[in-house]
Amino acid sequence: MGARLVLILGGTAEATELARALADRPGWRTVTSLAGRTSTPGKVAGELRQGGFGGIAGLTAWLAAERPAAVVDATHPFARQMPSHAAEACAALGIPRLRLLRPSWRRDAEDRWVEVADATEAVRILPSFGKTALLTTGHEAVQLFLQLHQRMRLVLRSIEPIPDLPLGVVHVQARPPFTLEAESALLARYGVDVLVSKASGGAAGHAKILAARARGIPVVLLARPPQPDGPTATDPSGALPWLCGLA
Ligand code: NAP
């Protein structure tokens, strides 16, 4: 019997880790799929494909042609489209699908979290929590937050460049992970008194939460989008027994 193919929907450290773990196991073959958003993605074990599939229909066609033994949806907790596309396409073809979803961060007694439903709510309340905000929510909601640039100082961090920012908005281009020391230094350098973050969970983004805790500044935390029903693993090592248990 040939190696069993697993399609890993990626864009996260967990996806990369799972591909590496399966590369070390005989009997498995992986294709990791990336949306193609970052210009220099990290190295991935196994095969790599990049770019959207073309909606549910495109993904269904890819799956019907390649017939993977399973799909592991290891996209980011804030990926809004891909999890439902994967759920629908896999259900239509009877392909087993696992959601690999990292746990949320645990709130500590010293954390000053302000939990909001989305970026719109964050924009509404942000000026009442500080004068200088560090925005770590990526490209997605930049235009919404920029509405505030004349009301408060905005320090915006993203992996890729953001063109045409209004004068006065500080842009920090950097790629995670960040250390606690680096995050604390960034907050201090710009006099940040409120942090905006997605409730992404995971180790790579946790340092900023810890730095905000240490400095006693509030964190406006955007809630995760809902996830489709189905089996879930919280880390790559939890995905392996699920894969091995497939008929
Ligand atoms: P999304 O809303 O779920 O996806 C939007 C569209 O991008 C999808 O409909 C799909 O296009 C394409 N796509 C997304 N993930 C893909 C993948 N792994 N392989 C091939 N196509 C993919 O996701 P997003 O928020 O735009 O994020 C894009 C990618 O960045 C995801 O893979 C995610 O894991 C990663 N990421 C996202 C965040 C975040 O905060 N949103 C943070 C870190 C990493 P088609 O419909 O054409 O197939």
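Structure first, text after, so check above.
So, here's what we can say about the structure. This structure is a prediction, so every number in the text was calculated from the model and none was measured.

Some points on the site of the ligand
In step 1: Taken together, 23 residues lie around the ligand, and Ser33, Arg37, Phe53, Met82 and Lys198 are the ones closest in.
In step 2: Contact distances for the ligand include 2.8 Å between an oxygen atom and a backbone N or O atom of Gly10.
In step 3: Taking Lys198, its side chain carries an N or O atom lying 2.4 Å from an oxygen atom of the ligand.
In step 4: Within the complex, the protein chains bury 79% of what would otherwise be the 800 Å² of accessible surface of the ligand.
In step 5: If you list the elements that add at least two residues to the shell around the ligand, you get strand S2 (28-34) and helix H3 (82-93).
In step 6: Along the lines of polarity and charge, the residues of the shell around the ligand split into seven nonpolar, eleven polar and five charged.

Here's the deal with the sheet that holds strand S10 (residues 194-198)
In step 1: The parallel open sheet is built from six strands, whose spatial order is S6-S11-S10-S7-S8-S9. The outermost strands of the open sheet, each flanked by one partner alone, are strand S6 (113-116) and strand S9 (170-173). The mean angle between the axes of side-by-side strands here comes to 20°, regardless of whether they run parallel or antiparallel.
In step 2: Of the strands in this sheet, S6, strand S8 (153-158), S10 and strand S11 (219-222) are in contact with helix H7 (residues 206-215), which crosses S10 at around 155°.

What to know about the environment of Val44
In step 1: Along the chain, the position of Val44 falls in the loop between S2 and strand S3 (47-50).
In step 2: In sequence terms Val44 and Arg97 are 53 residues apart; their C-alpha atoms lie 21 Å from each other.

Digging into the sheet that holds strand S1 (residues 4-9)
In step 1: Taken together, six strands build an open sheet; the order of strands is S3-S2-S1-S4-S5-S12 and the sheet is parallel. With partners counted over all chains shown, the strands left at the sheet margins are S3 and strand S12 (232-233), one partner each.
In step 2: Judged from the six bridges that link them, S1 and S2 form a sheet pairing that is parallel. Across the sheet, Arg4 pairs through a bridge with Trp28, a residue of S2.
In step 3: Sitting on the sheet, H3 is in contact with S1, strand S4 (70-73) and strand S5 (97-100), with an inclination near 165° to S5.

Some points on the pattern of salt bridges
Opposite charge on two side chains lets them pair, provided their charged atoms get close.
In step 1: Here the structure, examined in full by the defined rule, presents seven salt bridges.
In step 2: With its nearest N and O atoms 2.8 Å apart, the salt bridge here joins Arg29 to Glu47. Residue Arg29 is located in strand S2, and its partner Glu47 is located in strand S3; the two are separated by 18 residues in the primary sequence.
In step 3: Residue classification places Arg29 among the partly exposed positions, given a relative accessible area of 33%.
In step 4: Asp111 is the salt-bridge partner of Arg213, the closest N and O atoms lying 2.9 Å from each other. One end of the pair, Arg213, is in helix H7; the other, Asp111, is in the loop between S5 and S6, with 102 residues separating them in the sequence.
In step 5: Taken together, the salt bridges that share partners define one network made up of Asp108, Asp111 and Arg213.

A closer look at the pairing of S10
In step 1: Counting buried residues in S10 gives five out of five residues, a clear majority hidden from the surface.
In step 2: Burial of the side chains of S10 extends over both faces: Val194, Val196 and Lys198 are buried on one face and Leu195 and Ser197 on the other.
In step 3: Sheet topology places strand S7 (residues 132-135) next to S10; three bridges connect them, and they run parallel. Bridge pairing in S10 places Ala133 opposite Val194.
In step 4: Across four bridges, the pairing between S10 and S11 is parallel. What sits directly across from Ser197, in S11, is Leu221.
In step 5: Traced from S10 through H7 to S11, the parallel crossover comes out right-handed.

Rules of the game
Residues numbered from 1 in each chain as written. Predicted model: local features only at pLDDT ≥ 70, side-chain atom pairs only at ≥ 80, totals over all residues. Heavy atoms only, no water. Near = heavy atom within 4 Å. Polar contact = N/O pair within 3.5 Å; in protein donor to acceptor, adjacent residues only side chain to side chain. Areas by Shrake-Rupley, 256 points an atom, 1.4 Å probe, with all protein chains shown as cover. Helix = DSSP H or I, 4+ residues; strand = E, 2+ residues; numbered from the N terminus. Nonpolar A, V, L, I, M, F, W, Y, C, P; charged D, E, K, R; others polar. Pairing = 2+ DSSP bridges. Axes fitted to C-alpha atoms, helices over the stretch in contact; angles between N-to-C directions. Contact = heavy atoms within 4.5 Å. Salt bridge = Lys/Arg side-chain N within 4 Å of Asp/Glu carboxyl O. Buried < 20%, exposed > 50% of the residue type's maximum accessible area, 1.4 Å probe, protein only. Right-handed = clockwise from strand over helix to strand, strands pointing away.

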